[in-house]
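What follows is each chain in one-letter form.
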Protein chains: 2
Amino acid sequence: MATIREVASRASVSVGTVSNVLSGTVPVSTRLRDRVLAVVRELDYQPNQLAQSLKSRHTKMIGMVLRDITDPLFPQMMRGAKDAAWARNYLLVMLDSDAKVEREQQILVALRTRRVDGILLAPTGPEESHIRAVRDAGVPIVCLGRELPGLGLDCVLADNYKGAHQSVVHLASMGNRSIAFLHGDRADPVEQERFAGYRRGLQDAGLAFEASLEAGSHSGLDEGYRAGAALAKRNPRPNAILAADAMLAAGLLRALRDMGLRSPADIAIAAFDDPFCCDVLRPRLTAVAQPSYEIGAKAMEILLSRIHEPERRRSKTVLDTILHIRESSSPLSSAAT
Amino acid sequence: MATIREVASRASVSVGTVSNVLSGTVPVSTRLRDRVLAVVRELDYQPNQLAQSLKSRHTKMIGMVLRDITDPLFPQMMRGAKDAAWARNYLLVMLDSDAKVEREQQILVALRTRRVDGILLAPTGPEESHIRAVRDAGVPIVCLGRELPGLGLDCVLADNYKGAHQSVVHLASMGNRSIAFLHGDRADPVEQERFAGYRRGLQDAGLAFEASLEAGSHSGLDEGYRAGAALAKRNPRPNAILAADAMLAAGLLRALRDMGLRSPADIAIAAFDDPFCCDVLRPRLTAVAQPSYEIGAKAMEILLSRIHEPERRRSKTVLDTILHIRESSSPLSSAAT
DNA sequence: CTGAAAGCGCTTACAG
DNA sequence: CTGAAAGCGCTTACAG
């Protein structure tokens, strides 16, 4: 690839002059300007951003580190972040940490040595010493979807508490008196928020909570099937189930079907997050959607602000979830099975 | 962040020595070595990869440019590519071109100026002049999932022709005599392969093809619903439908349900690609899956080979698809609706 | 084994 | 307006 020296010599000017016409920060005579531009075109010269960055101390590049690119939560989040980045002329690159802390740590180091201007992070777990290290090195980080208690990082996340509360109130308003909670990962703080909102929703709806209303111990289709079936076999059978995620709900739906039970007639269902399959399942699944696009966009704006103003106050942004009421909780919304 | 000069002065050695102990390519006395390493730890010094790359002429970074990160085809592909990259100590970063050529072009330029060592590209469309430009600049590119006719790029893709053929033979073997094809984008070369395989499958199964067996003009749930319903209303009604993608099939399924038709009893269905929802739909969808993980992994291996051996012969790798037979085409596979 | 120096490809004051 | 020079943070021969 051509270097600035080559275009300078071909155009018979100094490299400084080439730099000046390209950057446009210093006036250059039209004659030289045209000569330089012609050579630039002729050679298809593109400045080496590595060299530029070395001087200018910024790369105009942001890294987005995701726990699991397979999770339907993330594509929209990335879209939001990407659009916000492009709007300010930053390049957003995405990395997948595969839900492994060591991988996350390696990625963080790789990003740091490549001097990205900032990082958007959907952390893998509670472990945070490696994150602290890169924060202490001075690279701005904003957390996606959850808050890391220890480090005072900016974060933007959905209001899981309120979302759970709202869905329980909805379920109760449809006449369901006993509403169960299907757990995924009880140790996950996000799920704990959801569970807390559920408990409070029960209370506000004047409904009782008891231990027999809880089931599930990890995520996944199979666990949804297993724990969902167990729940449906309880006597008395709960009228409704709020699942901690859509995967569990899909398994649950399968279990009901195999048991000859119908939803919402026999059991109403609602689930967290709203991957595409919710709308395609039978019955269509009522879901508490996170505003993923907005989370991504907002997080990027905050990151960019912090890059340009490192001392700004740490912020925590909480965005409302959206309740999509569909067949699985509402007999009215078209012919449900 | 600390620079090599800082650690050199703190350790009272020259920067060259620091570099030598860190790279390990030149022997250094234990005394100096320990002193340097101590300071490195103390300062949490990480070499600036920008500067390193400027000298060494490689960034150890690969860009993966995807047409649509929302497409369930891609997460696994990225996993495959990422694992292959890490194994050889390269960093893989992902970019989304949003199915827009201009965006793809901007990303390609951004990647080129940042001097990535190579690019994995799932191109957005037939337009290829901007791709040619970066190839001509000398950056190795391998194409994902399709072949760009004009440029002689390495590519790795699924055998769509054979996959279609196989699924038609399967459908025919289940006793279906008239098998329709539900189109997404007729201009898409990948779909054309699929359609050709379908035609040939019909022929090999001794079945007739006629124009009334074709429907659909673009992709999406709604079009699947619309064109699927049209197909199901034809007289005589086709026994089976092969959908160009799973989204179409989901819409089609919805249409059948609304028409009071059952699958596979009234109409058998198979679809291309195998997003998660295929296994969760009711009935579960028979699908021709692309070996996404393998495509990604293989493509990365080829890219890495080309990086180290630029003159190697151009290669085209075709991987077999996998037919997942499920309820929608096989009454045997559990109680189908 | 160790250090001084040149150079990777740019940008940015500073003279002229 | 234009060019020569210093410097960004490294690596790599080359002396010693």
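A few points on the structure. Counting restarts for each chain, with residues numbered from 1 along the sequence as it is written. For naming, the first written chain is A and the first written ligand is 1, with later ones following in the order written. In keeping with the model being predicted, local features are shown solely for residues with a pLDDT of at least 70 and side-chain atom pairs are shown and tallied solely at 80 or more, while totals for entire chains, interfaces and linings include all residues. Note that water and hydrogens are dropped before the side-chain values are worked out from all heavy atoms of the structure.

### Topic: the protein's contact with DNA strand C
Move 1: By nearness alone, 24 residues border DNA strand C, and Ile4 and Ser19 of chain A together with Thr17, Pro27 and Ser29 of chain B come closest of all.
Move 2: Ile4 of chain A places a main-chain nitrogen or oxygen 2.6 Å from a phosphate oxygen of DNA strand C.
Move 3: Within the contact set of DNA strand C, a phosphate oxygen lies 2.8 Å away from a side-chain nitrogen or oxygen of Thr17 of chain B.
Move 4: Each helix is a run of H or I in the DSSP string that is no shorter than four residues. Each strand is a run of E no shorter than two, and both are numbered from the N terminus. Looking at the surface near DNA strand C, the elements with two or more residues in it are helix 1 (4-10), helix 2 (15-23) and helix 4 (49-56) of chain A together with helix 4 (49-56) of chain B.
Move 5: In this classification, the charged set is Asp, Glu, Lys and Arg, the nonpolar set is Ala, Val, Leu, Ile, Met, Phe, Trp, Tyr, Cys and Pro, and all remaining amino acids, among them Gly, are polar. For the surface near DNA strand C, the class distribution of residues is 10 nonpolar, 10 polar and 4 charged. We call a residue near a given molecule or strand whenever any one of its heavy atoms falls within 4 Å of it. What qualifies as a polar contact is a pair of N or O atoms within 3.5 Å, subject to a donor-acceptor requirement within protein and to the restriction that residues adjacent in sequence count only when both atoms come from side chains.

### Things to note about the packing of helix 5 (residues 73-87) of chain A against helix 6 (residues 101-113) of chain B
Two numbers describe a pair of packed helices, the interaxial angle and the distance between the axes.
Move 1: Between helix 5 of chain A and helix 6 of chain B, the least distance of the axes is 14 Å, while the angle of their chain directions is 70°. As judged from the angle between their axes, helix 5 of chain A and helix 6 of chain B are roughly perpendicular. For the element pair helix 5 of chain A and helix 6 of chain B, the recorded crossing hand is left-handed. Along its contact with helix 5 of chain A, which presents Lys82, Asp83 and Trp86 of chain A, the element helix 6 of chain B presents Arg103, Gln106 and Ile107 of chain B.
Move 2: Among the residues making up the contact of helix 5 of chain A with helix 6 of chain B, the classes are represented as 2 nonpolar, 1 polar and 3 charged. Whenever a helix is involved, its axis is fitted only over the stretch in contact; in every case the axis is a line through C-alpha atoms, and angles between N-to-C directions fall within 0 to 180 degrees. The scheme is simple: roughly parallel for angles under 35 degrees, roughly antiparallel for over 145, roughly perpendicular for 65 to 115, oblique for anything else. Here a crossing is called left-handed whenever its near helix is offset anticlockwise from the far helix by less than a right angle, and right-handed whenever the offset is clockwise. Whether two residues touch is decided by their heavy atoms; if any such pair falls within 4.5 Å, the residues are in contact.

### Details of the protein's contact with DNA strand D
Move 1: Taken together, the neighbourhood of DNA strand D is formed by 23 residues, with Pro27, Ser29 and Arg57 of chain A together with Ile4 and Ser19 of chain B sitting nearest.
Move 2: Within 4 Å of the protein, atoms of DNA strand D come from sugar and phosphate in 75% of cases.
Move 3: Contact between DNA strand D and Thr17 of chain A: a phosphate oxygen at 2.8 Å from a side-chain N or O atom of the residue.
Move 4: One nitrogen or oxygen atom from the side chain of Arg57 of chain A is found 2.8 Å from a phosphate oxygen belonging to DNA strand D.
Move 5: For the surface near DNA strand D, the elements supplying multiple residues, two or more each, are helix 4 of chain A together with helix 2 (15-23) and helix 4 of chain B.
Move 6: For the surface near DNA strand D, the class distribution of residues is 10 nonpolar, 10 polar and 3 charged.

No statement about biological role is implied by the geometric values presented.
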